[in-house]
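The lines below spell out each chain.
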Amino acid sequence: MKNETQNNKKLDQLEAHSTSNENKKLTTNQGIKINNNQDSLKSGERGPTLLEDFILREKITHFDHERIPERIVHARGSGAHGIFKLNKSLRAYTKAKFLSEVGLETPVFVRFSTVAGSKGSTDLARDVRGFAIKFYTEEGNYDLVANNMPVFFIQDAIKFPDLVHAVKPEPDNEIPQAASAHDTFWDFISLMPESMHMIMWLMSDRAIPRSLRMMEGFGVHSFKFINEEGKAHFVKFHFKPKLGVHSVAWDEAQRISGVDPDFHKRDLWEAIENGAYPEWDFGVQLIPEENEHQFDFDLLDPTKLVPEEEVPVEIIGTLTLNKNPDNFFAETEQVAFHPGHLVPGIDFSNDPLLQGRLFSYTDTQLSRLGSPNFHEIPINRSINTVHNNQRDGHMRQQIAKGKVSYEPNSIGGGCPFQAMMSEGGFTSHQERVSGEKVRKRSQSFVDHYSQAKLFYNSQSVPEQTHLQNALVFELSKVTIPEIRERVVGQLNFIDNNLAQTVAEKLGVTVKKLDQPNQSIPADANIADLQSEEKEPKTKISQALSMKDTVKDTIKSRKIGFIISNGADGAALTDLKTKLENKGAKAEIIAPSLAPVITIDNKPLIPKHSLTSTASVCFDALYIGAGEKSAAELMAPENRHLTLRFINEAYKHCKAIYFGSGTEELYMSSNIAMKKHEDPAVIISKDGGSDEQFITAIAGHRVWDLEMERNM
Ligand code: HDD
């Protein structure tokens, strides 16, 4: 085990459940050594197989039952172990120990996911990403079941099955997979004005991250911190990636889905294997309970965020992922999260979406994992020992000794005892609650557009363009014109220009919507779903744009070196060393996988051939120096493939570096037509340097030049 994973009590606990086959004989599940795993037991060499072949029967039976139901949402996931280290105590706000003792390291397991697609779908679908964290604290498991977007589609959990049914493949033909671009999703959205803020996020580039390591995480709901004195603060949770928040282009996302559907999974796995451990700052927004009503929205409304300009995010610790799972099924698939897994010092708010979630997650594990004993699966076990009178059920692992499985008891000496609060016993926050029993939404939830406006207005011009294009793409797949018109009508409440731009490309007109939800009976006793037109208090929030994200590191970026025989090996090695010293990875791409012989006669082994990969798998390209190499890359059999790499990387706004002697390649590419300054096209002959290339890679993409690059 690597150093970074030492002193991790959860990994030690998992180790006790791990097995290795090294130097072992093959056995049945009953431990009987197997002599022949090639042939079943037959009556004569060519005869029928015998029922008594217990080895065959056991093997086939187990195989027949290997699959469990995939998650109804968030089916496709990638997991990793890590550590949360507290750098600043929150003792004044919460009695949770893992948030109080500075320097304390808490083991975690994180599972990232897409939402709509099946387990076998693609990573680069336009979608929300799940960001679920299980903190194995000394006081028991705390789960923060978060997303990479700070708001949600709906305000009340009763709408969740409708939302999920609408976005999942349509029930008659099971089309489309892992995509929201279809009739039922947009039909639902067009009738749900409360979704519009989330739709802005979903149509933004946040929905197509460059890497799981380059996305933010948000707890979404307002939760509560409770301190030793019983005082409550509302809290919003944030994870900010140290590498910055970066995305890919939509055209690129679609191509990645074909070239490498496991792009995010692989990226996370490789980064951890290479020691480039993903890290996030963990931060909180704290709001004293008495300030609950100081905002121009309701803190309990999950379609609203608290602008960082109004309540700054305080960074209190670091989340680091430093170990890949040993077994995908045992860990990433069987891990069971639940927003209701709390430790003392953290409590729920009355957010009606959160309240419904508290029922759903345990319930779903029962059908997914098959038993109320899912907490005994190694990945789900608390590192604090479990003692209670719950017994039996399918697949029970623990052997509870003694006669007593009830409380109170005298036979067992009264054990296990209830814990006093001073001993860490959980008590719910004593909140005063009273009210009539009503099926009703609060009037304070009836503002559906002001934060959608805030988000849209906070985007840079390229980000707004991407968002418009995403809407056009999605709605172009909608076959029912009335649905498109209704969505455009909703957009018009956010920004007239946005609505007009989208409408024009869809060939519809912007119409004013009066009552967007026709299906609600007049006496339904709910607040009018049509929002009043309201301007947000905060007009622009810099934190909502990715424009000014971290752009000073190339750590873990992947650079493709396109070369052929005759490449300048010295220049190549020099650049490779510079890149790798800064934490990037350089991989050689050549016409074939045969060794490339450099100008000084040294063999280099390519990792990829021009046909086995594509530019979309790299953050930047270096077209290796050397006239002979360039000439080979321009040979008829390679020319089209080489130029495709260059032109695509250019189109996707990436950094491209032309080594000396590659002028003809440059002139044959689309870049030769550029008529503008472009800091991310570096040409050695014109004085371009390795350092310029490194700066351009750190900048991620020249989104500002996208229009020029695509002219
Ligand atoms: Fe959920 C899974 C996040 C609303 C019901 N949800 C799930 C996962 C994440 C979220 C990250 C995957 C966990 C994993 O990796 O195993 N869900 C959210 C967020 C929400 C949200 C951030 C809103 C703020 N979810 C939500 C509602 C309901 C559910 C309102 C139901 C009323 N979610 C589920 C579920 C899942 C789930 C059906 C599927 C698999 C699972 O729970 O374990 O119960």
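Residues numbered from 1 in each chain as written. Predicted model: local features only at pLDDT ≥ 70, side-chain atom pairs only at ≥ 80, totals over all residues. Heavy atoms only, no water.

- An unreviewed UniProt entry lists the protein under the name Catalase, with Chryseobacterium lathyri given as the organism.
- Database annotation for the protein, UniProt heading Catalytic activity (unreviewed entry): "2 H2O2 = O2 + 2 H2O". (UniProt positions renumbered as here; feature names shortened; annotations may be inferred.)

With respect to the overall build of the protein
- Counting secondary structure elements, the protein contains 19 helices and 18 strands.
- The C-alpha atoms of the protein give a radius of gyration of 28 Å, which matches the 27 Å a tight globule of 711 residues would have.
- For the protein, the spread of C-alpha atoms along the principal axes amounts to about 90 × 80 × 60 Å.
- Expressed as a percentage of its 711 residues, the buried residues of the protein come to 53%.
- Pairs at least 24 apart in sequence give 75% of the contacts found in the protein among residues at least 6 apart. (Helix = DSSP H or I, 4+ residues; strand = E, 2+ residues; numbered from the N terminus. Rg over C-alpha atoms; globule rule 2.2 N^0.38 Å. Buried < 20%, exposed > 50% of the residue type's maximum accessible area, 1.4 Å probe, protein only. Contact = heavy atoms within 4.5 Å.)

A look at the coordination of the iron atom of the ligand
- You will see that the iron atom of the ligand has only one donor from the protein, Y361 (OH), lying 1.8 Å away.
- Among the secondary structure elements, Y361 is positioned in helix α9 (residues 352-368). (Donors = N, O, S within 2.8 Å, 3.2 Å for Na, K, Ca; no water.)

A closer look at the sheet that holds strand β12 (residues 585-590)
- Across the sheet, which stays open at both edges, the six strands sit in the order β15-β12-β11-β16-β17-β18 with parallel pairing between neighbours. Either end of the sheet is taken by a strand with one partner, and the two such strands are β15 (608-609) and β18 (681-683).
- Alignment of strand β11 (residues 558-562) against strand β16 (residues 620-623), held across four bridges, turns out to be parallel. Each residue of the ladder has a partner; that of F561, found in β16, is Y622.
- Together, β11, β12, β16 and β17 (655-658) form the strand contacts of helix α14 (residues 569-581), whose direction differs from that of β11 by roughly 175°. (Pairing = 2+ DSSP bridges. Axes fitted to C-alpha atoms, helices over the stretch in contact; angles between N-to-C directions.)

A short note on the pattern of salt bridges
- Overall, the coordinates contain 43 salt bridges when judged by the stated rule.
- A salt bridge links D143 to K134, with the shortest nitrogen-to-oxygen separation between them at 3.0 Å.
- Here D143 falls in the buried class, since its relative accessible area comes to 2%.
- Under the relative-accessibility criterion, K134 is labelled buried at 1%.
- Here K304 and D301 are joined by a salt bridge, their closest N and O atoms 2.8 Å apart.
- Residue K304 is classed as buried on the basis of its relative accessible area, which comes to 3%. (Salt bridge = Lys/Arg side-chain N within 4 Å of Asp/Glu carboxyl O.)

A short note on the environment of L300
- By secondary structure assignment, the location of L300 is in the loop between β8 (279-288) and β9 (314-323).
- For the pair L300 and R639, spaced 339 residues apart in sequence, the C-alpha to C-alpha distance is 58 Å.
- Setting aside anything within four residues of it in sequence, one finds L300 in contact with F234, E292, S349, N350, D351, P352 and F445.

Re unusual backbone geometry
- Omega for the peptide link from E407 to P408 comes to 10°, which places this bond in the cis form.
- Tracing the backbone shows P408 in the loop between α9 and α10 (450-458).
- Here the residue pair C415 and P416 is connected by a cis peptide bond, since its omega of -10° sits within 30 degrees of zero.
- By the secondary structure assignment, P416 is in the loop between α9 and α10.

Overview of the nonpolar core
- In this structure, F153, W186, I199, M200, L471 and L491 are the most contacted members of the largest nonpolar core, which totals 54 residues.
- At the level of secondary structure, the elements contributing two or more residues to this core comprise α3 (160-167), α4 (183-190), α5 (196-203), α10, α11 (461-476), α12 (481-494) and α13 (496-506).
- Top contributing element to this core by residue count: α5, with seven residues.
- Both domains that furnish three or more residues to this core are identified here as domain 1 (77-380) and domain 2 (463-524).
- If we skip the residues at most four places from it in the chain, L491 touches M196, M200, L471, L498, A499 and V502. (Core = buried A, V, L, I, M, F, W, Y, C linked by side-chain atoms within 4.5 Å. Domains from an automatic or database assignment.)

Regarding the domain arrangement of the protein
- Annotation of the protein at the domain level lists domain 1 (77-380), domain 2 (463-524) and domain 3 (558-709).
- Each of domain 2 and domain 3 was reduced to a C-alpha centroid, and the two centroids are 42 Å apart.

Some words on the site of the ligand
- Around the ligand there are 22 residues in total, and R71, R111, R357, Y361 and Q365 lie nearest to it.
- Within the side chain of H74, one N or O atom sits 3.4 Å away from a nitrogen atom of the ligand.
- Measuring from an oxygen atom of the ligand, one finds a side-chain N or O atom of S360 at 3.2 Å.
- When residues of the shell around the ligand are traced back to their parent elements, those giving at least two are β3 (129-137), β4 (140-147) and α9.
- Take the shell around the ligand: its biggest share by element is six residues, from α9. (Near = heavy atom within 4 Å. Polar contact = N/O pair within 3.5 Å; in protein donor to acceptor, adjacent residues only side chain to side chain.)

Concerning α4
- Extensive coverage of α4 is indicated by the burial of six of its eight residues.
- All of the buried residues in α4 are D183, F185, W186, F188, I189 and S190.
- Buried-residue contacts for α4 involve α3, α5, α11 and α12.

Comments concerning the side chain of T122
- Relative to the helices and strands, T122 is located in the loop between β2 (105-114) and β3.
- At 3.2 Å, the side chain of T122 forms a polar contact with the backbone nitrogen of L124.
- A polar atom in the side chain of T122 sits 2.9 Å from the side chain of S257.
- The contacts of T122, once residues within four sequence positions are left out, are R76, T114, S257 and P261.

Considerations on the packing of α5 against α10
- Running from amino to carboxyl end, α5 crosses α10 at an angle of 25°, the nearest separation of the two axes being 7 Å. Between α5 and α10, the angle is such that the two are roughly parallel. Residues M196, H197, M200 and W201 of α5 pack against Q451, A452, F455 and Y456 of α10.
- Each residue belonging to the contact of α5 with α10 can be placed in one class, and the counts come to six nonpolar, two polar and no charged. (Parallel < 35°, antiparallel > 145°, perpendicular 65-115°, else oblique. Nonpolar A, V, L, I, M, F, W, Y, C, P; charged D, E, K, R; others polar.)

Here's the deal with the state of the cysteines
- Within the structure shown, the criterion is met by zero disulfides.
- Here C617 stays unpaired: no disulfide links it, and the sulfur of C653, its closest cysteine neighbor, is 18 Å away. (Disulfide = S-S within 2.5 Å.)

Some words on the environment of N492
- Topologically, N492 is positioned in helix α12.
- For N492, a relative accessible area of 26% puts it in the partly exposed group.
- Between the C-alpha atoms of N492 and S382, which are 110 residues apart in sequence, the distance is 50 Å.
- With residues near it in sequence (within four places) discarded, N492 still touches A499 and V510.

Here's the deal with the side chain of H608
- Turning to its location among the elements, H608 is positioned in strand β15.
- The exposure class assigned to H608 is buried, which follows from its relative accessible area of 12%.
- Residues contacting H608, with those up to four places away along its chain left out, are E587, I588, I589, A590, L593, T613 and F618.

Comments concerning the packing of aromatic side chains
- The full count for this structure, using the stated rule, is 28 aromatic pairs.
- The interplanar angle of 90° and the centroid separation of 5.2 Å between the aromatic rings of F84 and F282 together place this pair among those described as edge-to-face. Separated by 198 residues along the polypeptide, F84 in strand β1 (residues 77-86) and F282 in strand β8 bring together distant segments of the chain.
- Note on F98 and Y142: the rings are 5.8 Å apart at their centroids and 40° apart in plane angle, and the pair reads as tilted. Separated by 44 residues along the polypeptide, F98 in the loop between β1 and β2 and Y142 in strand β4 bring together distant segments of the chain. (Phe/Tyr/Trp six-rings, centres within 6.5 Å; stacked < 30°, edge-to-face > 60°.)

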